[in-house]
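# Remarks on the overall topology
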Amino acid sequence: MGSFHSRSEEVQELADKTGFTSDQIEHLHRRFKQLSGDQPTICRENFDNIPDLELNPIRSKIIRAFFDKRNLRQAPGGLADEINFEDFLTIMSYFRPIEMDMDEEQLDRFRKEKLKFLFHMYDSDHDGKITLQEYRKVVEELLSGNPHLEKESARSIADGAMMEAASICVGQMEPDQVYEGITFEDFLKIWQGIDIETKMHVRFLNMETIPHCH
Amino acid sequence: MGYQGHILLWAQRELEEAPGRHPESSLGGCLLLGLLALAAASEHEGQGDAGEPHIFQIVTFKWHHVQDPYIIALWILVASLAKIVFHLSHKVTTVIPESALLIFLGLFLGGIVWAADHIASFTLTPTVFFFYLLPPIVLDAGYFMPNRLFFGNLGTILLYAVIGTIWNAATTGLSLYGVYLSGAMGHLDIGLLDFLLFGSLIAAVDPVAVLAVFEEVHVNDVLFIIVFGESLLNDAVTVVLYNVFDAFVAIGADNVTCTDCLKGIVSFFVVSLGGTFIGIVFAFLLSLVTRFTKHVRIIEPGFVFVISYLSYLTSEMLSLSAILAITFCGICCQKYVKANISEQSSTTVRYTMKMLASGAETIIFMFLGISAVNPQIWTWNTAFILLTLVFISVYRVIGVVLQTWVLNHYRMVQLGIIDQVVMSYGGLRGAVAFALVALLDKNKVKEKDLFVSTTIIVVFFTVIFQGLTIKPLVQWLKVKRSEHREPKLNEKLHGRAFDHILSAIEDISGQIGHNYLRDKWINFDRKVLSKVLMRRSAQKSRDQILNVFHQLNLKDAISYVAEGERRGSLAFIRSPSSDNMVNVNFNTSRPMGMEASVSYLRENASSVCLDMQALEQRRKSIRDREDMTTHHTLHQYLYKPSRHEIIQNEDEKQDKEIFQRTMRKRLESFKSTKLGVKHPKKINKTHKRDRGQKRVRGECFMTLAHTDVICFLLDMEFSEPEENEYEHLHTGTGIDFLANVTKQNFTETSGIDNPAFSDDDGQSVYMRFPPWLSNEDTVVPSQRARVQIPYSPSNFRRLTPLRLSNKSVDSFLLADGPEERPRSFLPESTHM
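Everything numeric here is computed off the predicted structure, so don't read it as measured data. (Residues numbered from 1 in each chain as written. Chains lettered and ligands numbered in written order. Predicted model: local features only at pLDDT ≥ 70, side-chain atom pairs only at ≥ 80, totals over all residues. Heavy atoms only, no water.)

## Remarks on the overall build of chain A
For chain A, the count of helices and strands is 10 helices and four strands. Across the 214 residues in chain A, those meeting the buried criterion constitute 50%. Excluding contacts between residues fewer than 6 apart, the proportion of contacts in chain A whose partners are at least 24 apart in sequence is 57%. Summing over all exposed atoms, chain A offers an accessible surface of approximately 9,800 Å²; the carbon and sulfur share of this is 46%. (Helix = DSSP H or I, 4+ residues; strand = E, 2+ residues; numbered from the N terminus. Buried < 20%, exposed > 50% of the residue type's maximum accessible area, 1.4 Å probe, protein only. Contact = heavy atoms within 4.5 Å. Areas by Shrake-Rupley, 256 points an atom, 1.4 Å probe, with all protein chains shown as cover.)

## Structural notes on the pattern of salt bridges
Once the charged atoms of two side chains with opposite charge are near each other, the side chains can pair. Evaluated as defined, the whole model comprises 12 salt bridges over all chains. Across the pair Asp159 of chain A and Arg136 of chain A runs a salt bridge, and its minimum N-O distance is 3.0 Å. Pair noted here: Asp159 of chain A is in helix α9 (residues 151–169) and Arg136 of chain A is in helix α8 (residues 132–143), with a separation of 23 residues, a long-range link. Judged by its relative accessible area of 9%, Arg136 of chain A falls in the buried class. Between Asp525 of chain B and Lys335 of chain B there is a salt bridge, and its shortest N-O distance comes to 2.3 Å. Within this pair, whereas Asp525 of chain B is found in helix α23 (residues 514–533), its partner Lys335 of chain B is found in helix α16 (residues 322–340), the two being separated by 190 residues in sequence. (Salt bridge = Lys/Arg side-chain N within 4 Å of Asp/Glu carboxyl O.)

## What about unusual backbone geometry?
Positive phi outside glycine occurs at Ser319 of chain B, with the angle close to 50°. Relative to the elements of secondary structure, Ser319 of chain B occurs in the loop between α15 (300–317) and α16.

## Side note on the packing of aromatic side chains
All names here are of chain B. Throughout the structure, instances matching the rule amount to 30 aromatic pairs over all chains. Relative to Phe130, the ring of Phe129 lies with its centre 5.0 Å away and its plane at 70°, an arrangement referred to as edge-to-face. Accessibility assignment for this pair places Phe129 and Phe130 in one class, buried. Judged by centre distance (4.7 Å) and plane angle (25°), the rings of Phe198 and Phe451 are stacked. With Phe198 in helix α11 (residues 192–203) and Phe451 in helix α21 (residues 448–477), this pair connects stretches of sequence that are 253 residues apart. Exposure remark for Phe198: the relative accessible area of 0% places this residue in the buried category. A residue is classified by how much of its surface remains accessible, and Phe451, at 0% relative accessible area, is buried. Ring pairs connect the aromatic residues Tyr177, Tyr180, Phe195, Phe198, Phe384 and Phe451, which therefore count as one cluster. It is Lys338 that lies over the ring of Tyr143; its NZ or CZ is 5.1 Å from the centre. (Phe/Tyr/Trp six-rings, centres within 6.5 Å; stacked < 30°, edge-to-face > 60°. Lys NZ or Arg CZ within 6 Å of the ring centre and 35° of its normal.)

## What to know about the confidence of the model for chain B
Residue and element names in this part refer to chain B. Residues of chain B with pLDDT of at least 70 account for 60%, and the chain-wide mean is 69. At the low end of the mean pLDDT range in chain B sits helix α36 (residues 794–807), at 33; at the high end sits α15, at 93. Low confidence marks residues 1–50, where pLDDT is under 50. Its contacts with residues over four positions away, or in another chain, come to 74 contacts. The low-confidence segment residues 574–622 (pLDDT under 50) makes 125 contacts with residues lying over four places distant or belonging to another chain. Across the interface, the model reports ipTM at 0.86; the global pTM reads 0.68. (pLDDT = per-residue confidence, 0-100.)

## With respect to the nonpolar core
Core analysis: the biggest nonpolar cluster contains 144 residues, and Leu124, Phe129, Leu134 and Phe365 of chain B have the highest contact counts within it. Among the elements that line this core, the one with the most residues is helix α13 (residues 221–251) of chain B, at 16 residues. Ile50, Phe117, Ala154 and Trp191 of chain A belong to the second largest nonpolar core, which has 72 residues in total. (Core = buried A, V, L, I, M, F, W, Y, C linked by side-chain atoms within 4.5 Å.)

## Things to note about α11 of chain B
All names here are of chain B. Here α11 contains 12 residues, and its C-alpha end-to-end distance of 16 Å stays within 8% of the 16 Å for a straight helix at 1.5 Å per residue. Counting buried positions along α11 gives 11 out of 12 residues, so the element sits mostly inside the fold. Within α11 the residues assigned to the buried category are Leu193, Asp194, Phe195, Leu196, Leu197, Phe198, Gly199, Ser200, Leu201, Ile202 and Ala203. Residues of α11 that are buried sit in contact with α10 (154–182), α13, α18 (382–407), α20 (431–439) and α21. (Expected span 1.5 Å × (residues − 1).)

## Observations concerning a nonpolar patch on the surface
Residues and elements named next belong to chain B. A contiguous nonpolar patch, built from Phe284, Trp521, Ile522, Phe524, Val528 and Val532 and spanning about 520 Å² of accessible area, is present on the exposed surface. Sort the elements by how many residues they give to the nonpolar patch and α23 lands first, with five residues. Considering the arrangement of structural elements, one finds Phe284 in helix α14 (residues 258–291). For Phe284, a relative accessible area of 39% corresponds to the partly exposed category. (Patch = residues over 30% accessible without salt bridge, like charges linked within 9 Å, V, L, I, M, F, W, Y side chains within 5 Å.)

## Re the packing of helix α8 (residues 126–143) of chain B against α16 of chain B
All names here are of chain B. With their axes 7 Å apart at the nearest point, α8 and α16 run at an angle of 45° to one another. Overall, the two elements α8 and α16 adopt an arrangement that is oblique. As for the relative orientation of α8 and α16, their crossing is right-handed in sense. Mapping the contact onto sequence places Leu134, Pro135, Val138, Leu139, Gly142 and Tyr143 in α8 and Ile323, Ile326, Thr327, Gly330, Ile331, Cys333, Gln334, Val337 and Lys338 in α16. In terms of residue class, the contact of α8 with α16 is made up of 10 nonpolar, four polar and one charged. (Axes fitted to C-alpha atoms, helices over the stretch in contact; angles between N-to-C directions. Parallel < 35°, antiparallel > 145°, perpendicular 65-115°, else oblique. Left-handed = near helix turned anticlockwise from the far one by under 90°. Nonpolar A, V, L, I, M, F, W, Y, C, P; charged D, E, K, R; others polar.)

## Description of the UniProt feature "domain: EF-hand" (unreviewed entry) in chain A
The UniProt feature table records "domain: EF-hand" (unreviewed entry) at residues 110–145 of chain A. Secondary structure over residues 110–145 of chain A splits into 69% helix and 6% strand, and the C-alpha atoms at its two ends are 30 Å apart. (UniProt positions renumbered as here; feature names shortened; annotations may be inferred.)

## A closer look at a negative patch on the surface
On the surface, a cluster of negative charge is contributed by Asp103, Glu104, Glu105 and Asp108 of chain A. Along the polypeptide, Asp103 of chain A turns up in the loop between α6 (85–93) and α7 (104–122). (Lys, Arg positive; Asp, Glu negative; His and termini not counted. Charge placed at Lys NZ, Arg CZ, Asp CG, Glu CD.)

## Some points on the environment of Leu389 of chain B
Residues and elements named next belong to chain B. Considering the arrangement of structural elements, one finds Leu389 in helix α18. On a C-alpha basis, the gap between Leu389 and Thr172 in space is 9.6 Å, while along the polypeptide they are 217 residues apart. In contact with Leu389, other than residues within four places in its own chain, are Ile457, Val458 and Phe461.

## Considerations on the side chain of Asp499 of chain B
Residue and element names in this part refer to chain B. Its location among the elements puts Asp499 in helix α22 (residues 489–509). Side chain to side chain, Asp499 and Arg518 meet in a polar contact 3.4 Å long. Discounting residues that sit within four places of it in the chain, Asp499 has contacts with Arg148 and Arg518. (Polar contact = N/O pair within 3.5 Å; in protein donor to acceptor, adjacent residues only side chain to side chain.)

## Notes on the packing of α8 of chain B against α20 of chain B
Residue and element names in this part refer to chain B. Running from N to C, α8 and α20 cross one another at 145°; their axes reach a closest spacing of 8 Å. Facing α8, whose interface residues are Pro126, Phe129, Phe130 and Leu134, α20 presents Ala431, Val432, Ala435, Leu436, Ala438 and Leu439. Across the contact of α8 with α20, the residue classes break down as 10 nonpolar, no polar and no charged.

## So, the confidence of the model for chain A
Residue and element names in this part refer to chain A. Per-residue confidence for chain A gives a mean pLDDT of 74, with 81% of residues at or over 70. Here helix α1 (residues 2–6) stands out as the element of chain A with the lowest mean pLDDT, 48, in contrast to α6, whose mean of 82 is the highest. Counting contacts from residues 1–5, a segment whose pLDDT is below 50, to residues more than four positions away or on other chains yields eight contacts. Taken together, the stretch residues 207–214 has pLDDT below 50 and engages in 24 contacts with residues farther than four places along the chain or on a different chain.

## As for the side chain of Ser371 of chain B
Residue and element names in this part refer to chain B. Summarising the element assignment, Ser371 is placed in helix α17 (residues 343–372). You can call Ser371 buried: its relative accessible area is 2%. A distance of 3.0 Å separates a polar atom in the side chain of Ser371 from the backbone nitrogen of Leu124. Each residue touching Ser371, except ones within four places of it in the same chain, is listed here: Phe122, Thr123, Leu124, Ile377 and Phe434.

## So, the state of the cysteines
All names here are of chain B. One pass over the structure, following the stated rule, counts zero disulfides over all chains. Note on Cys329: no disulfide assigned, nearest cysteine sulfur contributed by Cys333 at a separation of 5.0 Å. Residue classification places Cys329 among the buried positions, given a relative accessible area of 0%. Classification of Cys333 by relative accessible area gives buried; the value is 2%. (Disulfide = S-S within 2.5 Å.)

Below is the structure:
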């Protein structure tokens, strides 16, 4: 902790990059250390130690997103083995709430970035398209929390959703056309007119961490 | 239903007590209602009865016997009729809120009553208001509360409700007292406590007024829930403040001690938390009861009303906040009750609740108007009344701005200036204030009349003036409106994904936020509460996403049926072949490749209300059998993971080519048909259908074409019976003919070729089977498939003239040939 304070310039730099306040960064840094066991980097296994995450039906996808190089803005594809604090902050910064003084353009970019995060989570093979298989997988996982639902219904829901997506995006399809999958542009189209103000934001407080996480 | 009827009756009967307090009022009511003769007769009868009681009369006229219920029923009738009249003119109701119109009506009727009797016969008495008129409205609000939105903004709502109300009460009361001390109001027999008492009853924003006005304005959800939530939850504060100051006034200002003040503060927590607790207990009880009503479906809806009403009465009995109790009863039970009760009961509950609430609201506003016509209560004090108006408006604004400033430090979605303006402006006062002020004891509060008149003025001012102007204001400020969108499956799925992501992020970043708490609550709910409170079958199907899926499927199904009906065919319902029944039920064959989930969806008590549902029930058994075969066939032939995986031989390709071309043509004709359709009020419906068509076009060959192909097939079926029906009309051979046609087609198509097919080039191309059936023959097509699928291409030829018909009747006639003459009705049908 003490050493962290001395590197206030570094904190400032991170703050500029990610838009967090230095308080929040400090807080997240504490949490990062807690998760990593005082190591400079964090790997997948560290996430498994978070007890609250265990019940999350899509936890593997979420953890994966942390190591996704697309989200880390490092490479168009591939997974990182471990991430450092800056990367951790980068991922977290996807969830910053909208600020009052943002103009239209910034808002739009902000929104796109958030959606991109979700898109990348769906698009597990990094080909820029959510195929039916991928979609089904996600829906299956999403609904896996309900033990009474069978895989079959999840599949048909995914199919239905995919069809809906197709009808929204490619309304005037030629009969012999095949809808390959949802591209990011299509994805944006689906989200058109839907507020994500409350949906993709976490309030990063300056409050104490949950004390016992291990 | 029967049970509910009882409740309703009972409620009405209780309502009667109001005029019952004024027995002399009967005459006025009768005069007013044009029942002069009746009243005169009743008097006469009364005397007659007294004079000669022993003579047997064949027909007796017993007005006094029925007087009270009769008057109540008539009042309700008048109010309801008035509503009809208001809505005759669309212009009036879009400009003036209904509540304001009702107040005017009340004033008018009150004037007539006054002119007739010179006694204010009918007033809104607190008992009637609090026991019978308020509970339905609040229950309605609670039961249909968007829980997620409500709890998401609970902090904000609570702040406005508690601090805001206290602020309003204190500042208004104190300022008025200050002005009074300065002598601007002249001499009044009034003390500081009276002012505070008045401040506390005038401070609270009224749920009834807010609902009435905001329902017509359609501001965005967050804004609405904040204003409305505040108006509901501030009840506890109002009740406590009112009781405390009422008690203080009674003991006298000099005798109030510090302990009393402390007791007041404690009582606030007891009243609010106690009320909430009672509500939750009764909600638990209600959910539990509905779990076991499987065999008494008919009285199921009754439980909802009775038990929630009991929660209201119980907390009233314990002098806790009754509004909070019934609100939370509704909020907490809604999920479980809706899952437990059958779909029909759910619909019944919904409509009964809406009816009661809307009726109560109507009566409240009308009686507010009527109550105002009573010279005895009017005491005018310009300074007092005007200053009250000024103070409540100004302090409301100040309070909102201050609180929002604080809140915006904590809120994720900030409340902007525009929101604040609407929130300040939406601080409407209403019947609660009036009922409270009417409850005051004149012996203790000397200036009761002044308070009453001021309250009436304030209520009228806020409801009429602010209600009138809020709509233009909202438009002028460009407040974000709530838009009613069709729920999208994708949206729901992504929403669910977001929820999980957010709670995961909160877990990872190690903080306890909304999402964290919600996640924990959902887990708890699923593991414990739902198991206790929900039926086993309901637990299975109770997933929001499944519901949306189900609803969308139903909607699609309805729109396709509607399409068939619009084009003049009801024959698919009553045609002789039992197979045709499945036409109605195609929604269930939609979730293909999932027998299991089909049954889930069927058990699923969706909240969609359909007249079709009764029908569906009866047909379940046939359908189940049908489904199996249909599903299997369709799955075999239609539902391929990818089009490219279908091995095609030469023959098939050709078939496909033809099929595609015809499809395209058919869809075009569909489109042009639709252009001719005039559905001014059903634009979105048409749009929906349009979308459905697009889907057919795009996706028939898509990998996941399952459902729409079915729908498409059904579409074709629709046009078929239409044909038959028409011929049936003209040939007069009746149902037998229909049967023959179907049979004929059956034999014909299961045999060889179907010649009914026209190509672009005009060549007659013969089609052995539609491509999807000619794939392989390992699976025998189901009855339905055999009867209807191969037989459907004949529609294509019939659709061609349909398209032409929009341009010119001649060409259409030409195209069809003389023997097709009866079809000339088609141009009409396209304009239906």
